[in-house]
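Secondary and tertiary structure notes
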Amino acid sequence: MNAQFQLDSLDALSFDNRFVRDLPADPEKINQRRQVNGACYSFVSPARVKQPELVAYSKEVADQLGFSEKLCQSDLFAPVFSGNHLLEGMQPYAMCYGGHQFGNWAGQLGDGRAINLGEVLNQSGERFTLQLKGAGPTPYSRGADGLAVLRSSVREFLCSEAMHHLGVPTTRALSLTLTGEEVVRDMFYDGHPQAEPGAIVCRVAPSFTRFGNFQLFTSNGEIDQLRQLVDFTICSDFPHLGKPCKETYLAWFEEICRRTAEMIVHWQRVGFVHGVMNTDNMSILGLTIDYGPYGWLENYDPDWTPNTTDAQGRRYRYGHQPQIAMWNLVQLANALYPLIEETAPLEKSLDIYPQSFQQGWQDMMAQKLGFLAFEETSDKALVDDLLAILKLVETDMTIFYRQLARLNINIEKLNDIDNDELMAPLKDAFYVTEQLSEDYKESLGNWLRNYIRRVAKDNRNDEERRSAMNKVNPKYVLRNYLAQLAIDKSEQGDHSMVNELLELLRRPYDEQPEMEKYYEKRPDWARQRAGCSMLSCSS
Ligand code: AMP
Ligand code: MG
């Protein structure tokens, strides 16, 4: 953004709060837990915190909002983005929504610890809602305190920015502040509560509306409000679809199916496991939202989920995410039914999801493997074989694909080369050398030979293929143990690693030779450590 357009002072920031202006409010103003009917939101002020202290902020998000560096370093920044100082024009509110949690309808949930401050327009006319997560109780807090701890806030702040730089649609994070207060959490719900530092993340997105916002109205039979929220969402976030009417509703639903498919393809590409794909955690804009007990695949294991709360059924495991997104879209379709009143067109629109996912997934796999395009006849089997082989021994997904780009494609030499030599570029991807049996080497060796023959058909030189692969196979991701190391330091008052990871993850596809230490498999100590391999919803 051009420097002359940057804001130097937060006092100059102007708000245009369309959501609260155009949609029905809860008439009750007292901040008490309650059931709310017929409203999209409740007005509520953030709690005052003891001592706001800025830990980190995202330059890119600040830039997008038109904030200068001076503004971000001003004394007002931490008090504003921890909720202590409300700016002129802010109208804080919590959104009302419901959701299916782990497959069951849970009724009203709502923003129990998120408070929207208002909407700002940047110089290009783009609209952003600013939202504080962990800013204190709201009418939707139910039995909980409305707060967030540093541990989970570091994870949300770093991961949303990392995802953006990986090219994954996501809500963003402007800032991470400490509140100067302690928050008690029982991390594994096992009767060991502990005081942890409290923190607040300022999240930024065009809108934080979820599938659950629509579901709750339908579940309550509040069809006028349902229509109002749908029309509002179409006009503000999908204006290209035109004036709201039955056809527009269907086109809108199709676009949600398409965007959701695109988002899930990206998750599968980078090895991201959301962990809690409840319908209240599904953004209507197809953005990754609500970073809780998420995790990154280290060894490729489609059955893995980081979320200990889901350890039994593993509903939200990596390999199940595509089906769960479909399940969630079916719930959204049910919620929209009163506006369509016909099943067939909704079902037809819903079909867009599997179609887009299938297409997107094939294109993505072709790109990961460095093919010019996905050739149905040869590539389906090649991909299936690879995914089966990756599971045979513990194989680091990120390192495997990145190293695969380094393979030299010399088809003439294929017969003179043995399996060991062939798989040498991949050796850093394996966790346990003893698992590399002769049988295994034979399987991988055969696959690599087929792969090399397939790549040769594209007639693309190695350099070109390597560079194309390196644009979709990241070198650096927010490995679970790296986030935990940053948290450990941050809890001791040293925020340097949070900032170092933020910097590293701004360019996840670049080599960054000075950062090579972050291109390492999960160390052994992290295998069973809380926060590295196991997380709960307690945050
Ligand atoms: P999640 O699955 O973490 O996105 O949260 C599910 C629901 O619980 C949402 O309505 C949240 O606002 C609410 N929630 C989670 N943690 C807290 C908390 N500490 N205080 C109040 N509400 C919370
Ligand atoms: Mg949530």
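All values derive from a computational prediction rather than experimental measurement. Numbers given to residues run from 1 along each chain, matching the order in which its sequence is written. Working convention: letters from A go to chains and numbers from 1 go to ligands, in the order in which they are written. Given that the model is predicted, a residue must reach a pLDDT of at least 70 before its local features are reported, and side-chain atom pairs must reach 80 or more before they are shown or counted; all residues, however, enter totals for whole chains, interfaces and linings. Working from all heavy atoms in the structure, the side-chain values ignore hydrogens and water.

A look at the overall build of the protein chain
Within the protein chain, the regular secondary structure consists of 18 helices and eleven strands. Relative to the compact-globule value of 24 Å for 539 residues, the protein chain shows a C-alpha radius of gyration of 24 Å, a close match. Residue contacts are defined here by distance: any two heavy atoms, one from each residue, within 4.5 Å place the two residues in contact. Contacts in the protein chain between residues at least 24 apart in sequence constitute 73% of all its contacts with a sequence separation of at least 6. Under the convention used here, Asp and Glu are negative, Lys and Arg are positive, and both His and the chain ends fall outside the count. For charged residues, the charge sits on one atom: NZ in Lys, CZ in Arg, CG in Asp, CD in Glu. The positive charge centre, built from 55 side chains, and the negative charge centre, built from 74, are 0 Å apart in the protein chain. Only DSSP runs of H or I covering at least 4 residues are called helices, and only runs of E covering at least 2 are called strands; the numbering of each starts at the N terminus. Between the two quantities, the radius of gyration covers C-alpha atoms and the globule rule is 2.2 Å times the number of residues to the power 0.38.

Some words on the pattern of salt bridges
Just to be clear on terms, a salt bridge is a Lys or Arg side-chain nitrogen sitting within 4 Å of an Asp or Glu carboxyl oxygen. Taken as a whole and judged by the stated rule, the model has 39 salt bridges. Notably, a salt bridge pairs Arg-258 with Glu-254, separated by 3.8 Å at the nearest N-O pair. With a gap of four residues between them, Arg-258 and Glu-254 both fall in helix 8 (residues 246-270), about one helical turn apart. We call a residue buried when its accessible area falls under 20% of the maximum for its residue type, exposed when it is over 50%, and partly exposed in between, using a 1.4 Å probe and counting protein chains only. For Arg-258, a relative accessible area of 37% corresponds to the partly exposed category. Residue Arg-465 pairs with Asp-462 through a salt bridge whose shortest N-O separation is 3.5 Å. Here Arg-465 and its partner Asp-462 are both found in helix 16 (residues 462-469), three residues apart, which amounts to about one turn of the helix. When salt bridges that share partners are traced, they join Asp-16, Arg-21, Asp-22, Glu-119 and Arg-127 into one network.

Considerations on the pairing of strand 4 (residues 98-101)
A regular strand places its side chains on the two faces of the sheet in alternate fashion. The pairing criterion for strands is at least two bridges between them, as found by DSSP. Two strands pair when backbone bridges link them, and strand 4 and strand 5 (residues 104-108) are joined in this way by three bridges, in the antiparallel orientation. Bridge assignment links His-100 to a residue of strand 5, and that residue is Trp-105. The turn linking strand 4 back onto strand 5 is made up of two residues, and Phe-102 within it adopts a positive phi angle of 50°.

Overview of empty space enclosed by the protein
Cavity and pocket criteria rest on a 1 Å grid covering protein atoms alone: a 1.4 Å probe that fits but cannot get out defines a cavity, protein on both sides within 12 Å along at least 5 of 7 lines defines an open pocket, and an atom within 4 Å of a point defines a lining residue. Grid points are joined across faces, edges and corners, and a volume is the space filled by probe spheres set on the points. Applying the stated criterion across every chain, the model contains four cavities of 30 Å³ or more. Here the largest cavity defines a volume of roughly 120 Å³. Lining the largest cavity are 15 residues, and of these Phe-19, Glu-119, Thr-129, Pro-206 and Ser-207 sit closest to its centre. Among the elements of the structure, helix 1 (18-22), strand 3 (93-95), strand 6 (114-121), strand 7 (127-133) and helix 7 (223-237) are those that each provide at least two residues to the lining of the largest cavity. For the lining of the largest cavity, the element with the highest residue contribution is helix 7, accounting for three residues. Among the domains, domain 1 (3-211) and domain 2 (214-361) are the pair contributing at least three residues each to the lining of the largest cavity. Its boundaries defined by the atoms lining it, the second largest cavity holds a volume of some 70 Å³. Forming the walls of the second largest cavity are Arg-151, Ser-152, Arg-155, Tyr-291, Gly-292, Pro-293, Leu-535, Ser-536, Ser-538 and Ser-539. Following the grouping adopted for this structure description, the nonpolar residues are Ala, Val, Leu, Ile, Met, Phe, Trp, Tyr, Cys and Pro, the charged ones are Asp, Glu, Lys and Arg, and the polar ones are all others, Gly among them. For the lining of the second largest cavity, the class distribution of residues is three nonpolar, five polar and two charged. Residue ranges for the domains originate in an automatic or database domain assignment. Summarising the domain contributions, the lining of the second largest cavity has at least three residues from each of domain 1 (3-211) and domain 2 (214-361).

Notes on the nonpolar core
By size, the foremost hydrophobic cluster in this structure holds 134 residues, and its most contacted members are Trp-296, Leu-404, Tyr-451 and Leu-501. Take this core: its biggest share by element is twelve residues, from helix 8. Those residues in contact with Leu-501 that lie beyond four places of it in its chain are Leu-158, Leu-478, Leu-482, Ala-483, Ala-486 and Tyr-518. Of all hydrophobic cores here, the second largest spans 34 residues; its members include Leu-10, Val-80, Phe-81 and Tyr-140. Remark: nonpolar core denotes a set of buried residues (Ala, Val, Leu, Ile, Met, Phe, Trp, Tyr, Cys) joined through side-chain atoms within 4.5 Å.

Focus on the packing of helix 9 (residues 321-340) against helix 10 (residues 343-350)
Packed helices, taken two at a time, are described by their axes: the angle between them and the distance between them. Lines fitted to the C-alpha atoms define the axes, with helices restricted to the stretch that makes contact. Angles between their N-to-C directions range from 0 to 180 degrees. Direction vectors running N to C along helix 9 and helix 10 enclose 150°, while the axes themselves pass 10 Å from each other. For the element pair helix 9 / helix 10, the angle class is roughly antiparallel. Crossing of helix 9 over helix 10 shows right-handed handedness. In this structure, helix 9 contributes Met-326, Leu-329, Val-330, Ala-333, Tyr-337 and Ile-340 to the contact, and helix 10 contributes Thr-343, Pro-345, Leu-346 and Leu-350. Roughly parallel means an angle under 35 degrees; roughly antiparallel means over 145; roughly perpendicular covers 65 to 115; every other angle is labelled oblique. Whether a crossing is left-handed or right-handed is set by the direction in which the near helix is turned from the far one by less than a right angle, anticlockwise for left-handed and clockwise for right-handed.

What about the domain arrangement of the protein chain?
One can read the domain layout of the protein chain as domain 1 (3-211), domain 2 (214-361) and domain 3 (373-459). Relative to domain 3, the C-alpha centre of domain 1 lies at a distance of 45 Å.

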